[in-house]
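Observations on the model geometry
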Amino acid sequence: MAKVAFLGLGVMGGPMAGHLAKKGHDVTVYNRTPAKAEAWVKAHGGASAATPREAARGAEIVFACVGNDADLRSVVLGADGALAGMERGATFVDHTTASAEVARELAAAAAEAELGFVDAPVSGGQAGAENGVLTVMCGGEPETYAKVEPAIMAFARACRLMGPAGAGQLTKMVNQICIAGLVQGLSEGVHFAKRAGLDVEAVLEVISKGAAGSWQMENRGKTMNAGTFDFGFAVDWMRKDLAILLEESRRNGAKLPVSALVDQFYAEVQSMGGGRWDTSSLVARLER
Ligand SMILES: NC(=O)c1ccc[n+]([C@@H]2O[C@H](COP(=O)([O-])OP(=O)(O)OC[C@H]3O[C@@H](n4cnc5c(N)ncnc54)[C@H](OP(=O)(O)O)[C@@H]3O)[C@@H](O)[C@H]2O)c1
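Parameters at a glance
- Residues numbered from 1 in each chain as written.
- Predicted model: local features only at pLDDT ≥ 70, side-chain atom pairs only at ≥ 80, totals over all residues.
- Heavy atoms only, no water.
- Core = buried A, V, L, I, M, F, W, Y, C linked by side-chain atoms within 4.5 Å.
- Buried < 20%, exposed > 50% of the residue type's maximum accessible area, 1.4 Å probe, protein only.
- Helix = DSSP H or I, 4+ residues; strand = E, 2+ residues; numbered from the N terminus.
- Contact = heavy atoms within 4.5 Å.
- UniProt positions renumbered as here; feature names shortened; annotations may be inferred.

1. What to know about the nonpolar core
Within the largest apolar cluster, 31 residues are counted, with the highest numbers of intra-cluster contacts made by Phe-6, Leu-20, Phe-63 and Ile-152. When residues of this core are traced back to their parent elements, those giving at least two are strand S1 (3-7), helix H1 (13-22), strand S2 (26-30), helix H2 (34-44), strand S4 (61-64), strand S8 (134-139), helix H8 (142-152) and strand S9 (156-163). In terms of residue count, the dominant contributor to this core is H8 (four residues). Each residue touching Phe-63, except ones within four places of it in the same chain, is listed here: Val-4, Ala-5, Phe-6, Leu-7, Leu-20, Val-93, His-95, Ala-151, Ile-152 and Phe-155. Counting 25 residues, the second largest nonpolar core, distinct from the first, contains Leu-72, Met-86, Phe-92 and Ala-98.

Listed below in structure tokens is the structure:
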């Protein structure tokens, strides 16, 4: 068992850090809003620190799961950042969904300080984090990855090294591209079934057994039909992810017409007040 730190105790980070503690790791947490760190320590034991630097001191692995590129830089770099507190040979594992560029930038900064860095975005949502069954897509050096994989498995059911720094984030972009078009297709199916006067639940039940079946259909079909969206993966986060992958596509030349269109649909959902709604709320703009 290792001495580890966890930075960012949000919807995802809180339960992920909890699984590390449950496995017997010695966990020190940091959260920008200290009350959350205090509540976490009450629930799971371990310790909390006032800055990322303090939390990282003496840790073999420092995990993070914050919002976006800027948030990540703010907990890693600078006088109070984690890198300033880490000891040679330690590894930083970032679970934030961020750009491949920031992963490469931070991997270089870590290497300069003789530290390891693994970008390790996750898929599986809040339920995946709470149940410890996330999918983790990693980028980094094979020797560094081998050191951290056993600890990551405390909250994952699958974890894989996809290539050098940034490859984890690029893989997560593929994940989000696949989800964006699929959720729009599912929204149109649910919307059409309603207009056609069909029993929507019965339709989803039967077609989910055939070629149209998907995780989104299984897990979101019913709530889309009911118009319930106050849970899950927020539209604001999805737009952040779509902005990252559309920017990357401008660099690598990939054509993503549907992802670009769905991004605009999500902008409409935001203007309907749905920034914090689950991504399945795409159906709501068809039903207005
Ligand atoms: N929720 C999901 O279903 C899901 C699924 C896969 C991936 N993700 C990704 O995982 C990441 C976290 O998502 P989440 O749902 O856990 O978000 P969240 O609940 O909003 O938590 C964000 C965490 O980051 C911290 N934070 C944000 N900006 C910061 C800054 N500038 N400095 C220090 N700490 C900062 C927050 O601190 P405070 O408590 O002080 O606000 C909080 O602990 C995002 O990149 C998201 O895209 C989320």
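Okay, back to it.
2. Digging into the UniProt feature "active site" (unreviewed entry) in the chain
In the UniProt entry, the feature "active site" (unreviewed entry) is given for Lys-172. Tracing the backbone shows Lys-172 in helix H9 (residues 167-195). Contacts of Lys-172, omitting those with residues within four sequence positions, involve Thr-97, Pro-121, Val-122, Ser-123, Met-137 and Asp-241.

3. A word on the side chain of His-191
As for its position among the elements, His-191 is in helix H9. Note on His-191: relative accessible area 18%, which makes it buried. Residues within four places of His-191 in sequence aside, it is in contact with Leu-286 and Glu-287.

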